[in-house]
Amino acid sequence: MTPTVDIRRADDRAKTKIDWLDSKHSFSFGGQYEPDNTHHGLLLVNNDDIVRPGTGFDTHPHRDMEIITWVLRGSLVHQDSTGHSGVIYPGLAQRMSAGRGILHSEKNDSWTLTGEQSHSDPVRFVQMWVVPDEAGIEPGYQQLEIDDELLRGRLVTIASGMPEHSDQAAITIHNKHAALHGARMQAGDTVELPSAPYLHLFVPRGEVTLEGAGPLHEGDAVRFTASGGQRVTATGPAEILVWEMHAGLAAA
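Residues numbered from 1 in each chain as written. Predicted model: local features only at pLDDT ≥ 70, side-chain atom pairs only at ≥ 80, totals over all residues. Heavy atoms only, no water.

Topic: the sheet that holds strand 18 (residues 208-210)
With respect to topology, 4 strands assemble into an open sheet ordered 16-21-18-19, the strand pairing being antiparallel. Because the sheet does not close on itself, it has two edges, and the strands there are strand 16 (190-192) and strand 19 (214-216). Neighbour to neighbour, the strand axes of the sheet diverge by 30° on average, direction disregarded. Alignment of strand 16 against strand 21 (residues 231-234), held across 3 bridges, turns out to be antiparallel. Bridge pairing in strand 21 places Val 191 opposite Val 232. (Pairing = 2+ DSSP bridges. Helix = DSSP H or I, 4+ residues; strand = E, 2+ residues; numbered from the N terminus. Axes fitted to C-alpha atoms, helices over the stretch in contact; angles between N-to-C directions.)

As for the pairing of strand 13 (residues 156-160)
Look at any regular strand and the pattern is simple: side chains alternate between the two faces of the sheet. Burial of strand 13 is extensive: 5 of the 5 residues sit out of reach of the surface. Relative to strand 15 (residues 178-185), strand 13 runs antiparallel, the two sharing 4 bridges. Among the inter-strand pairings, Ser 160 is bridged to a residue of strand 15, identified as Ala 179. Across 2 bridges, strand 13 lies against strand 14 (residues 171-172) in parallel orientation. Note that in strand 14 the partner of Ala 159 across the bridge is Ile 171. (Buried < 20%, exposed > 50% of the residue type's maximum accessible area, 1.4 Å probe, protein only.)

Some details on the side chain of Ser 227
Looking at the secondary structure, you find Ser 227 in strand 20 (residues 221-227). Residue Ser 227 is classed as buried on the basis of its relative accessible area of 12%. In terms of polar contacts, Ser 227 uses its side chain to reach the side chain of Gln 230, at 2.6 Å. Ser 227 has contacts with Pro 194, Ser 195, Ala 196 and Leu 199, leaving out every residue within four places of it along the chain. (Polar contact = N/O pair within 3.5 Å; in protein donor to acceptor, adjacent residues only side chain to side chain. Contact = heavy atoms within 4.5 Å.)

Keep in mind these values describe shape, not function.
Printed below as a string of structure tokens:
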């Protein structure tokens, strides 16, 4: 495999904008189909979503997908057909395994149980989909809060199916070739990217500098092959999400 560094700028992403949703897609999604932009490694979806208060995604189905949601601001209410429900907020790692089939909804957490509006803030989150090792598994759900101190200035394993991360990852995913790492950074903080056949670096907030490639701004992403070890340095408050993948889609 030839080492490559493919920078994808924020403004080049496909967009879905309707009255309640502002969504930006790193890969083909829904009606925004690009045949040469369907995935990288095992990652099929990296959506950067803003949902208005009192709105959200009504109940809809999924199948054979590991879906990880990472909230940047605000809070999101999750409910699914297996009986799981909860509020996802910044620093809470959450994974839903669609398995052989699941229904779920995701709404901006802006309403109290009595139906009164509790706030008027949008929720912004990144939702990422990777394929599982095996089709037709039991649907499932997992969440765990990551201490803010852990995320400051270093990469923390948010989700992983890799055996070597079994005692490090906040939550697990059903793919032994993939892991998601994240960091919250201040100006001058530097982290080193892991080495893997496929890496995906996303900057959901702030600005950083990638060694050998220059500045990356909010919403920018980088797709690496046969790479790793590059240093990422924050030029101000920033957050990064890094997928480490040791297989491609065909080998999943």
